[in-house]
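Residue strings, one per chain:
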Amino acid sequence: MKTSSGDRAELISGIEENAKLEAARIIEDAKKTASDKQLSKEMQINSIKRDADKKITQQVAVVEKNNLSAISVEQKRIELKVREKIVTNVTNKIKEKIAKKADDPSYPEIVKGWIVEAAIGLGVDAAVINGSPKELKVMTDSFLKETEKKYNAITGRNISLKKTEKNPLFAQGIVLSSSDNRMAFNNQVPTRLTRYQTEIMKTIYKEFFA
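Now for a description of the structure that goes with this document.

About the thresholds
Residues numbered from 1 in each chain as written. Predicted model: local features only at pLDDT ≥ 70, side-chain atom pairs only at ≥ 80, totals over all residues. Heavy atoms only, no water. Helix = DSSP H or I, 4+ residues; strand = E, 2+ residues; numbered from the N terminus. Contact = heavy atoms within 4.5 Å. 1 Å grid on protein atoms, 1.4 Å probe; cavity = no way out; pocket = protein on both sides within 12 Å on 5 of 7 lines; lining within 4 Å. Points joined across faces, edges and corners; volume = space filled by probe spheres on them. Nonpolar A, V, L, I, M, F, W, Y, C, P; charged D, E, K, R; others polar. Pairing = 2+ DSSP bridges. Axes fitted to C-alpha atoms, helices over the stretch in contact; angles between N-to-C directions. Expected span 1.5 Å × (residues − 1). Buried < 20%, exposed > 50% of the residue type's maximum accessible area, 1.4 Å probe, protein only. Phe/Tyr/Trp six-rings, centres within 6.5 Å; stacked < 30°, edge-to-face > 60°.

1. Let's talk about the overall build of the protein chain
Alright, step 1. Counting its regular elements, the protein chain contains 6 helices and 4 strands.
Alright, step 2. For the protein chain, contacts bridging at least 24 residues in sequence account for 72% of all contacts bridging at least 6.

See below:
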């Protein structure tokens, strides 16, 4: 059977049409694939940017936290240093004030109070007193008798007090020892300040840091 030229032309036209449609479909698929890939690429880029921004934010937060922590530590260090300096200065002023009392007419009564306080703490019937030259100077026989009477008036007990024959102490104040030297009560100024450190610190903090 022979194909007419018209049939052949129609067949060719159909093939060309199908080819064009197939080509258009392929091109469309290619464009879609390229578009999807571009979208995926952009999504990946955005994801990377987000991750980078998140990491940067986290790193900044860590740096800021570390800085705040360092600042807080430094502030506490400075505050403690200031407190220590104030406590030291106040303590030194107290020592200076007490040292000046040694030239005051009332000083023998102060020494007498230290001795009685030490005697009560020691709790013995006989004791030997030592002190710095300033305290030893006021310890006359009459002074010791008066101190014994003051102790008796407060406690109702008797005590025999004797001035030491040893070398004077360096720090201001007195040290009361039992006659057998087995016990002693230190009532020197530095020791007294240490003993009342809690009360001193409370007063300082109330005045300066409240």
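2. Re the layout of surface pockets
Alright, step 1. There is about 200 Å³ of room inside the largest pocket.
Alright, step 2. Taken together, 14 residues form the lining of the largest pocket, with V128, T164, K166, S177 and N181 sitting closest to its centre.
Alright, step 3. Of all elements in the fold, only β1 (126-131), β2 (160-163) and β3 (173-178) reach the threshold of two or more residues within the lining of the largest pocket.
Alright, step 4. The residue makeup of the lining of the largest pocket, split by class, is 4 nonpolar, 6 polar and 4 charged.

3. Description of the sheet that holds β1
Alright, step 1. Strand order in the open sheet formed by 4 strands is β2-β1-β3-β4, and the pairing between neighbours is mixed. Of all strands in the sheet, those with a lone pairing partner are β2 and β4 (184-188), marking the two edges. Neighbour-to-neighbour, the strand axes of this sheet turn through a mean angle of 20°, independent of strand direction.
Alright, step 2. As defined by bridge partners, β1 adjoins β2 across 4 bridges and the pair is classed as parallel.

4. Focus: the environment of N152
Alright, step 1. Relative to the assigned elements, N152 resides in helix α4 (residues 141-155).
Alright, step 2. Linking N152 and V116, residues 36 residues apart in sequence, is a C-alpha distance of 9.4 Å.
Alright, step 3. Contacts of N152, omitting those with residues within four sequence positions, involve R157 and N158.

5. Section: the pairing of β1
Alright, step 1. Pairing analysis gives 5 bridges linking β1 to β3, with the strands arranged antiparallel. The partner of I129 across the bridge, within β3, is L176.

6. Side note on the environment of T191
Alright, step 1. With respect to the element layout, T191 can be found in helix α5 (residues 189-195).
Alright, step 2. Each C-alpha atom, one on T191 and one on A171, is 9.4 Å from the other, the two residues being 20 residues apart in sequence.

7. Quick look at helix α2 (residues 107-122)
In an α-helix, one full turn covers 3.6 residues, which means residues spaced three or four apart are oriented alike.
Alright, step 1. With 16 residues, α2 extends 22 Å from end C-alpha to end C-alpha; this agrees with the ideal 22 Å at 1.5 Å per step.
Alright, step 2. Within α2 the residues assigned to the buried category are Y107, V111, K112, W114, I115, V116, A118, A119 and L122.

8. Side note on the packing of aromatic side chains
Alright, step 1. A complete count under the given rule lists 1 aromatic pair for this structure.
Alright, step 2. On the basis of an interplanar angle of 90° and a centroid distance of 6.1 Å, the ring pair of Y107 and W114 is categorised as edge-to-face. W114 matches Y107 in its accessibility class, with the two residues each being buried.

9. With respect to the environment of L161
Alright, step 1. Mapped onto the fold, L161 is located in strand β2.
Alright, step 2. The exposure class of L161 is buried, given its relative accessible area of 8%.
Alright, step 3. Excluding residues that lie within four positions of it along the chain, L161 makes contacts with I115, A127, I129, L144, T147, E148 and L176.

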